[in-house]
Amino acid sequence: MKSVHLFILGVAALTGILAGCQEDTTDSAATQGFAGLGDDASAYAQASAETPLTFPADHGPHPDYRIEWWYLTANLENDQGEPLGLQWTLFRQALMPPDERPAPSEWAADQVWMAHMGISREATHMAAERFARSHSTHDDGQAGVIAAPFQAWLDDWTFQSPPQANFQHFQLNAYSGEGEERSGYDLTLTAQGPLVLHGQNGFNAKTVEGQGTHYYSQPFLQITGEVTLNGDTQQVSGQGWLDREWGSQLLSADQSGWDWFSLHLDDGRKLMAYRLRAGGKDGGDYYFAHLIGADGRTLQKGPDTVTLTPLEEQPVAGRSVPTRWALRLPEGDLQLEVKARHPNRWMDTSVPYWEGEVVVRDASSQAAMGVGYLEMTGY
């Protein structure tokens, strides 16, 4: 579900300052579901299967919804075949409902933005973040997104398509630090398959009650370029997965977090699967999976089609985090073991979470079957 990582809590203090009304939201958020995403959001636009996705407009921002993100993960290798992983994410959160927005001005702001960068290689992992604000009617501020030609930025961190690229070719450029601490990437991304809509007409329910988000992905990205980690620059190539998601009432009040998988299988298939802790039938967890063919066709999709079972936990950043999983998709004839390359993938950002590369094997034979990314929140 590649999404918020406690985004609302992470920007709570910043939101209060920007809105001119600093207040402590931690206690109320803790009683309103994970990251406050169970809070009432009836004053915002609501995601629905009755609202069809329209491109290129939906590549751009949706300021009438409470929260939104543009989320890239990548499994890469250097010239020596050594694996690297990276993440780049731009989040947008509305500071207030549409009917409460201030009139546009140089000082007015009704949107807050947060960007995350992560790079991993062996036992080394770095993370960086930035914040900005804007007015929903401005497209030339410190941070923002333009649908066509596609541009997403926060300061000099940029993710964009050239004119006429039609969301098929991208350039990603983001760096943090200087000298021996400099880390970042300059990458070219090319789509080798179609966009994929998750759920019903691109509406992806997150609970049995039906609240959810608009959600689509570009899981067929091929990537080349260079990655710098702690001053060491290497040429890389590999696969990427871009998620787009927006909504207002995302979760129920009792959902404590999620475990989300995006997998590139060696036979060309792609698999998105997640477990939301709580929100399912009879008080259980809520599961969803989408198995995608090498040509972009849906092979299997829906809730309760997958089981995700932790097999091993490891100590990470002072807590116990599952780093090896059993993934079962019976109708897709998949019995997988998914394991983190290294437990040190903790994103030590304003509100921390775990995000990192995984390797995929056949559960019985242990034959290699692919690579991917895993995100875990609420631990």
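Residues numbered from 1 in each chain as written. Predicted model: local features only at pLDDT ≥ 70, side-chain atom pairs only at ≥ 80, totals over all residues. Heavy atoms only, no water.

## Quick word on the nonpolar core
Keep this limit in mind: In this text, buried Ala, Val, Leu, Ile, Met, Phe, Trp, Tyr and Cys residues form a nonpolar core when linked through side-chain atoms within 4.5 Å. For each residue, the accessible area found with a 1.4 Å probe, counting protein chains only, is set against the maximum for its type, and the residue is called buried under 20%, exposed over 50%, and partly exposed in between. Counting from the N terminus, the helices are DSSP H or I runs at least four residues long and the strands are E runs at least two residues long. Residue contacts follow a heavy-atom distance rule, with two residues in contact if any of their heavy atoms lie within 4.5 Å.
Within the largest apolar cluster, 62 residues are counted, with the highest numbers of intra-cluster contacts made by Trp88, Leu90, Phe159, Tyr185, Leu187, Leu189 and Val227. With 7 residues, the single largest contributor to this core is strand E1 (residues 67-78). Excluding residues within four positions of it along the chain, Trp88 makes contact with Trp70, Tyr71, Leu72, His116, Ala152, Trp157, Phe159, Leu172, Ala174 and Tyr185.

## Observations concerning the confidence of the model for the protein
For clarity, the threshold we go by: pLDDT measures how confident the predictor is about each residue, on a scale from 0 to 100.
Looking at the protein, the pLDDT average stands at 89 and 89% of residues meet or exceed 70. Long-range and interchain partners of residues 2-31, a stretch whose pLDDT sits below 50, account for 72 contacts in this model, where long-range means more than four residues apart.

## Section: the pairing of strand E16 (residues 285-292)
Note the following rule: Strand pairing is defined by DSSP finding a minimum of two bridges between the two strands.
The buried fraction of E16 is high, at 7 of 8 residues. Pairing of strand E15 (residues 270-279) with E16 involves 8 bridges; the strand directions are antiparallel. Residue Tyr274 lies in a different strand from E16, and its bridge partner there is Phe288. Where E15 folds back onto E16 in an antiparallel hairpin, the turn is made up of 5 residues, including Asp282, whose phi is positive at roughly 55°. By the bridge criterion, 5 bridges tie E16 to strand E17 (residues 298-303) in an arrangement that is antiparallel. Each bridged residue has a counterpart across the sheet, and for Ala289 the counterpart in E17 is Gly302.

## Observations concerning the side chain of Ser48
Quick note on the threshold: Throughout this description, a polar contact denotes any pair of N or O atoms lying within 3.5 Å of each other; where both atoms belong to protein, one of them has to be capable of donating a hydrogen while the other can accept it, and for residues adjacent in sequence the pair is counted only when both atoms sit in side chains.
Within the secondary structure, Ser48 sits in the loop between helix H3 (26-30) and E1. One polar contact links Ser48 to Glu50, side chain to side chain, over a distance of 2.6 Å. Beyond its immediate sequence surroundings of up to four residues, Ser48 is in contact with Phe203 and His214.

## With respect to empty space enclosed by the protein
Cut-off, in case you're wondering: With a 1 Å grid spanning the protein atoms alone, the term cavity applies to any set of points in which a 1.4 Å probe fits but cannot get out, the term pocket to an open set with protein on both sides within 12 Å along at least five of seven lines, and the term lining residue to any residue with an atom within 4 Å of a point. Grid points are joined across faces, edges and corners, and a volume is the space filled by probe spheres set on the points.
If you walk through the whole model with that rule in mind, you get 1 cavity of 30 Å³ or more. Considered as a void within the structure, the largest cavity measures approximately 30 Å³ in volume. If you trace the largest cavity, you find it lined by Leu84, Arg121, Val227, Thr228, Leu229, Asp232 and Gln234. Residue assignment for the lining of the largest cavity shows that the elements contributing at least two residues are strand E12 (212-229) and strand E13 (232-247). Of the residues forming the lining of the largest cavity, the biggest block, 3 residues, is contributed by E12.

## Remarks on the packing of aromatic side chains
To be explicit about the condition: Two rings from Phe, Tyr or Trp (for Trp, the six-membered ring) form a pair when their centres are within 6.5 Å of each other. A pair whose planes differ by under 30 degrees is stacked, one over 60 is edge-to-face, and the rest are tilted.
All chains considered together, the criterion is met by 13 aromatic pairs. A centroid spacing of 6.1 Å and a plane angle of 80° characterise the contact between Tyr216 and Trp246, whose relative ring orientation is edge-to-face. Residue Tyr216 is found in strand E12, and its partner Trp246 is found in strand E13; the two are separated by 30 residues along the sequence. Using a relative accessible area of 1% as the deciding quantity, one classes Tyr216 as buried.

## What to know about unusual backbone geometry
Following Phe55, the chain continues into Pro56 via a peptide bond in cis, with omega recorded as 10°. Summarising the element assignment, Pro56 is placed in the loop between H3 and E1. The omega angle of the peptide bond from Ala148 to Pro149 is -15°, so this bond is cis rather than trans. Relative to the elements of secondary structure, Pro149 occurs in the loop between strand E5 (143-146) and strand E6 (151-154). A positive phi angle, near 50°, is found at Ala317, a position not held by glycine. Taking the relative accessible area as the measure of exposure, Ala317 reaches 45% and is therefore partly exposed.

## Points about the pattern of salt bridges
Note the following rule: Salt bridges, as used here, are contacts in which a Lys or Arg side-chain nitrogen is within 4 Å of a carboxyl oxygen on Asp or Glu.
Counted according to the given criterion, the structure contains 17 salt bridges. Arg277 is the salt-bridge partner of Asp259, the closest N and O atoms lying 3.1 Å from each other. Highlighted residues: Asp259 in strand E14 (residues 258-265) and Arg277 in strand E15, separated in sequence by 18 residues. Each member of the pair, Asp259 together with Arg277, is buried. When the shortest N-O distance is used, the salt bridge between Arg324 and Glu337 registers 3.2 Å. In this pair, Arg324 sits in strand E19 (residues 319-329) while Glu337 sits in strand E20 (residues 334-340), placing the two residues 13 residues apart along the sequence. Among the residues examined, Arg324 registers a relative accessible area of 21% and is labelled partly exposed. Because the salt bridges share partners, they merge into one network encompassing Asp259, Arg275, Arg277 and Asp285.

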